[in-house]
Amino acid sequence: MIKKMAAGNWKMNGMLDSLKEIERLQAAHSNSKIDIVICPPAPLLLPARKKAPDLLIGAQDCHQEVSGAHTGDVSASLLKDVGAAAVIIGHSERRQAHAESSALIKEKATAALNAGLTAIICIGETLEQRQAEETLPVLKDQLEKSLPETATAQNTVVAYEPVWAIGTGLVAEPAQIGEAHRFCRAQITKQLGAKAANMRLLYGGSVKAANAAEIFKIDCVDGALVGGASLRFEDFSPIIEALETA
(Lines give C-alpha, C1' and ligand atoms only; values in the text may rest on other atoms or scores of the structure.)
Protein backbone atom coordinates (compact mmCIF):
# COMPACT_ATOMS: atom_id res chain seq x y z
CA MET A 1 0.00 0.00 0.00
CA ILE A 2 1.35 3.43 -0.97
CA LYS A 3 0.87 5.92 1.83
CA LYS A 4 0.17 9.61 1.58
CA MET A 5 3.18 11.79 2.38
CA ALA A 6 3.94 14.93 4.34
CA ALA A 7 7.48 16.07 3.57
CA GLY A 8 9.21 18.98 5.28
CA ASN A 9 11.97 20.85 3.46
CA TRP A 10 14.02 22.80 5.99
CA LYS A 11 16.13 24.38 3.22
CA MET A 12 19.21 26.16 4.71
CA ASN A 13 17.68 26.43 8.16
CA GLY A 14 18.17 24.65 11.45
CA MET A 15 20.91 23.79 13.93
CA LEU A 16 21.50 20.73 16.10
CA ASP A 17 19.18 22.22 18.70
CA SER A 18 16.42 22.33 16.07
CA LEU A 19 16.24 18.53 16.08
CA LYS A 20 14.12 18.74 19.21
CA GLU A 21 11.31 19.66 16.82
CA ILE A 22 11.47 16.31 15.04
CA GLU A 23 11.69 14.50 18.37
CA ARG A 24 8.35 16.08 19.21
CA LEU A 25 6.97 15.05 15.82
CA GLN A 26 8.05 11.48 16.38
CA ALA A 27 6.43 11.39 19.80
CA ALA A 28 3.15 12.80 18.47
CA HIS A 29 2.96 10.78 15.23
CA SER A 30 4.81 7.56 15.98
CA ASN A 31 1.94 5.41 14.67
CA SER A 32 0.98 7.60 11.74
CA LYS A 33 -0.70 6.01 8.73
CA ILE A 34 1.15 8.41 6.40
CA ASP A 35 4.83 8.80 5.52
CA ILE A 36 6.42 11.72 7.37
CA VAL A 37 9.67 12.92 5.81
CA ILE A 38 11.98 15.58 7.25
CA CYS A 39 14.65 17.01 4.95
CA PRO A 40 17.16 19.02 7.01
CA PRO A 41 20.46 20.48 5.78
CA ALA A 42 23.01 17.75 4.97
CA PRO A 43 25.13 18.08 8.17
CA LEU A 44 22.02 17.29 10.22
CA LEU A 45 21.07 14.10 8.39
CA LEU A 46 22.87 11.62 10.64
CA PRO A 47 21.95 13.28 13.96
CA ALA A 48 18.35 13.59 12.72
CA ARG A 49 18.31 9.88 11.95
CA LYS A 50 19.50 9.13 15.48
CA LYS A 51 17.02 11.52 17.08
CA ALA A 52 13.97 10.28 15.18
CA PRO A 53 14.44 6.68 14.02
CA ASP A 54 10.71 6.26 13.40
CA LEU A 55 10.48 9.13 10.90
CA LEU A 56 11.87 9.20 7.37
CA ILE A 57 14.86 11.50 6.91
CA GLY A 58 15.53 12.99 3.51
CA ALA A 59 18.19 15.13 1.86
CA GLN A 60 17.63 18.25 -0.24
CA ASP A 61 19.86 17.38 -3.19
CA CYS A 62 22.41 14.86 -4.41
CA HIS A 63 25.10 14.64 -7.08
CA GLN A 64 24.53 12.58 -10.19
CA GLU A 65 27.83 10.69 -9.85
CA VAL A 66 28.53 7.92 -7.35
CA SER A 67 31.87 9.41 -6.32
CA GLY A 68 34.73 11.51 -7.65
CA ALA A 69 36.34 14.93 -7.67
CA HIS A 70 33.23 16.95 -6.88
CA THR A 71 34.18 19.24 -4.03
CA GLY A 72 31.24 20.26 -1.89
CA ASP A 73 28.81 17.77 -3.45
CA VAL A 74 27.25 14.70 -1.82
CA SER A 75 26.47 11.43 -3.57
CA ALA A 76 23.17 9.60 -3.26
CA SER A 77 24.98 6.52 -1.98
CA LEU A 78 26.53 8.52 0.88
CA LEU A 79 23.13 9.95 1.77
CA LYS A 80 21.79 6.41 1.93
CA ASP A 81 24.78 5.32 4.03
CA VAL A 82 24.12 7.93 6.74
CA GLY A 83 20.47 7.00 7.02
CA ALA A 84 18.56 9.04 4.45
CA ALA A 85 15.50 7.39 2.94
CA ALA A 86 14.64 10.04 0.36
CA VAL A 87 16.05 13.05 -1.46
CA ILE A 88 14.46 16.12 -3.00
CA ILE A 89 15.50 16.56 -6.63
CA GLY A 90 15.00 19.60 -8.86
CA HIS A 91 13.49 22.04 -6.38
CA SER A 92 12.77 25.35 -8.14
CA GLU A 93 15.47 27.02 -6.05
CA ARG A 94 17.97 24.54 -7.50
CA ARG A 95 16.59 24.94 -11.01
CA GLN A 96 16.87 28.72 -10.78
CA ALA A 97 19.77 29.57 -8.46
CA HIS A 98 21.96 26.70 -9.72
CA ALA A 99 20.69 26.62 -13.30
CA GLU A 100 19.79 22.93 -13.05
CA SER A 101 18.19 21.60 -16.21
CA SER A 102 15.58 18.87 -16.35
CA ALA A 103 18.20 16.65 -18.00
CA LEU A 104 20.51 17.04 -14.99
CA ILE A 105 17.59 16.47 -12.62
CA LYS A 106 16.86 13.21 -14.40
CA GLU A 107 20.49 12.13 -13.92
CA LYS A 108 20.31 13.00 -10.22
CA ALA A 109 17.00 11.18 -9.82
CA THR A 110 18.46 8.12 -11.54
CA ALA A 111 21.40 8.20 -9.12
CA ALA A 112 18.99 8.45 -6.20
CA LEU A 113 16.95 5.46 -7.38
CA ASN A 114 20.09 3.43 -8.01
CA ALA A 115 21.19 4.14 -4.43
CA GLY A 116 17.86 2.94 -3.06
CA LEU A 117 16.49 6.36 -2.14
CA THR A 118 13.01 7.64 -2.85
CA ALA A 119 13.29 10.53 -5.31
CA ILE A 120 10.99 13.49 -4.64
CA ILE A 121 11.10 15.27 -8.01
CA CYS A 122 9.86 18.86 -8.10
CA ILE A 123 8.17 20.56 -11.02
CA GLY A 124 6.29 23.84 -11.41
CA GLU A 125 5.70 26.93 -13.49
CA THR A 126 6.79 30.53 -12.91
CA LEU A 127 4.32 33.40 -12.58
CA GLU A 128 5.14 34.53 -16.12
CA GLN A 129 4.40 31.04 -17.47
CA ARG A 130 1.15 30.87 -15.51
CA GLN A 131 0.03 34.27 -16.84
CA ALA A 132 0.93 33.20 -20.39
CA GLU A 133 -1.26 30.07 -19.94
CA GLU A 134 1.79 27.83 -20.37
CA THR A 135 1.40 25.87 -17.13
CA LEU A 136 0.43 22.50 -18.58
CA PRO A 137 3.00 22.55 -21.42
CA VAL A 138 5.69 23.46 -18.87
CA LEU A 139 4.66 20.60 -16.59
CA LYS A 140 4.58 18.18 -19.51
CA ASP A 141 8.09 19.21 -20.58
CA GLN A 142 9.48 18.94 -17.06
CA LEU A 143 7.91 15.52 -16.48
CA GLU A 144 9.12 14.17 -19.81
CA LYS A 145 12.69 15.36 -19.21
CA SER A 146 13.00 14.88 -15.44
CA LEU A 147 11.47 11.46 -14.70
CA PRO A 148 13.76 8.43 -15.13
CA GLU A 149 12.39 5.48 -17.07
CA THR A 150 12.96 3.40 -13.93
CA ALA A 151 10.63 5.58 -11.85
CA THR A 152 7.70 3.74 -10.28
CA ALA A 153 4.99 4.52 -7.76
CA GLN A 154 7.13 2.79 -5.14
CA ASN A 155 10.39 4.69 -5.62
CA THR A 156 9.39 8.14 -6.92
CA VAL A 157 7.23 11.03 -5.76
CA VAL A 158 6.37 14.12 -7.82
CA ALA A 159 5.89 17.46 -6.07
CA TYR A 160 4.01 20.14 -7.98
CA GLU A 161 5.17 23.52 -6.70
CA PRO A 162 4.10 26.61 -8.64
CA VAL A 163 7.22 28.75 -8.33
CA TRP A 164 5.19 31.88 -7.68
CA ALA A 165 3.64 30.31 -4.57
CA ILE A 166 6.86 29.19 -2.85
CA GLY A 167 7.62 31.27 0.21
CA THR A 168 5.38 34.11 -1.00
CA GLY A 169 2.27 33.42 1.04
CA LEU A 170 0.39 32.97 -2.24
CA VAL A 171 -1.41 29.68 -2.74
CA ALA A 172 -2.81 28.38 -6.01
CA GLU A 173 -6.59 28.20 -6.16
CA PRO A 174 -8.08 24.73 -5.58
CA ALA A 175 -9.15 24.58 -9.24
CA GLN A 176 -5.59 25.37 -10.36
CA ILE A 177 -4.11 22.74 -8.05
CA GLY A 178 -6.65 20.16 -9.17
CA GLU A 179 -6.06 20.83 -12.86
CA ALA A 180 -2.29 20.55 -12.46
CA HIS A 181 -2.45 17.36 -10.40
CA ARG A 182 -4.92 15.63 -12.71
CA PHE A 183 -2.74 16.57 -15.68
CA CYS A 184 0.37 15.23 -13.95
CA ARG A 185 -1.40 11.97 -13.08
CA ALA A 186 -2.39 11.44 -16.71
CA GLN A 187 1.02 12.47 -18.05
CA ILE A 188 2.96 10.23 -15.67
CA THR A 189 0.78 7.25 -16.53
CA LYS A 190 1.22 7.99 -20.24
CA GLN A 191 5.00 8.18 -19.86
CA LEU A 192 5.65 5.29 -17.53
CA GLY A 193 2.59 3.07 -17.74
CA ALA A 194 0.72 1.19 -15.05
CA LYS A 195 3.77 0.89 -12.77
CA ALA A 196 3.53 4.63 -12.09
CA ALA A 197 -0.25 5.10 -12.17
CA ASN A 198 -0.43 5.56 -8.38
CA MET A 199 2.72 7.65 -8.03
CA ARG A 200 2.23 10.11 -5.18
CA LEU A 201 1.63 13.72 -6.19
CA LEU A 202 2.41 16.32 -3.54
CA TYR A 203 1.46 19.98 -3.57
CA GLY A 204 3.94 22.57 -2.38
CA GLY A 205 3.70 26.33 -2.11
CA SER A 206 2.91 28.14 1.16
CA VAL A 207 1.13 25.12 2.65
CA LYS A 208 0.22 25.76 6.29
CA ALA A 209 -2.18 24.58 8.96
CA ALA A 210 -4.84 27.07 7.89
CA ASN A 211 -5.12 25.78 4.29
CA ALA A 212 -3.89 22.16 4.52
CA ALA A 213 -7.28 20.50 4.98
CA GLU A 214 -8.73 22.29 1.94
CA ILE A 215 -5.73 21.36 -0.20
CA PHE A 216 -5.88 17.70 0.83
CA LYS A 217 -9.48 17.44 -0.33
CA ILE A 218 -8.45 18.17 -3.93
CA ASP A 219 -8.47 15.29 -6.39
CA CYS A 220 -5.07 13.64 -7.02
CA VAL A 221 -3.34 15.46 -4.13
CA ASP A 222 -1.54 12.79 -2.09
CA GLY A 223 0.21 15.05 0.39
CA ALA A 224 2.41 18.10 0.61
CA LEU A 225 5.99 19.29 0.36
CA VAL A 226 6.16 21.93 3.06
CA GLY A 227 8.82 24.62 3.46
CA GLY A 228 8.83 27.14 6.30
CA ALA A 229 5.90 25.57 8.13
CA SER A 230 7.91 22.36 8.62
CA LEU A 231 10.51 24.00 10.85
CA ARG A 232 8.41 24.06 14.02
CA PHE A 233 6.37 21.29 15.58
CA GLU A 234 3.46 23.66 16.25
CA ASP A 235 3.24 24.50 12.54
CA PHE A 236 3.95 21.13 10.93
CA SER A 237 2.03 18.80 13.23
CA PRO A 238 -1.40 20.25 12.29
CA ILE A 239 -0.55 19.76 8.60
CA ILE A 240 0.31 16.14 9.30
CA GLU A 241 -2.94 15.71 11.23
CA ALA A 242 -4.92 17.21 8.34
CA LEU A 243 -3.38 14.69 5.94
CA GLU A 244 -3.92 11.80 8.34
CA THR A 245 -7.62 12.57 8.44
CA ALA A 246 -8.05 13.51 4.75
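Scroll up to find the structure.
Thresholds, definitions, all that
- Residues numbered from 1 in each chain as written.
- Predicted model: local features only at pLDDT ≥ 70, side-chain atom pairs only at ≥ 80, totals over all residues.
- Heavy atoms only, no water.
- Salt bridge = Lys/Arg side-chain N within 4 Å of Asp/Glu carboxyl O.
- Buried < 20%, exposed > 50% of the residue type's maximum accessible area, 1.4 Å probe, protein only.
- Helix = DSSP H or I, 4+ residues; strand = E, 2+ residues; numbered from the N terminus.
- Contact = heavy atoms within 4.5 Å.

Digging into the pattern of salt bridges
Side-chain pairs of opposite charge can arise whenever the charged atoms involved come near each other.
Right, on to step 1. The tally for this structure, following the rule as stated, stands at 16 salt bridges.
Right, on to step 2. The residue Glu234 makes a salt bridge to Arg232 at a minimum N-O spacing of 3.6 Å.
Right, on to step 3. Across the pair Asp235 and Arg232 runs a salt bridge whose closest N-O atoms are separated by 3.1 Å.
Right, on to step 4. Judged by relative accessible area, which is 29%, Asp235 ranks as partly exposed.
Right, on to step 5. Exposure remark for Arg232: the relative accessible area of 42% places this residue in the partly exposed category.
Right, on to step 6. Overlapping salt bridges, with partners in common, bring together Arg24, Arg232, Glu234 and Asp235 in one network.

Things to note about the environment of Phe183
Right, on to step 1. Structurally, Phe183 is set in helix H8 (residues 174–192).
Right, on to step 2. Separated by 44 residues in the primary sequence, Phe183 and Leu139 place their C-alpha atoms 8.5 Å from one another.
Right, on to step 3. Excluding anything up to four places from it in sequence, Phe183 contacts Leu136, Leu139 and Lys140.

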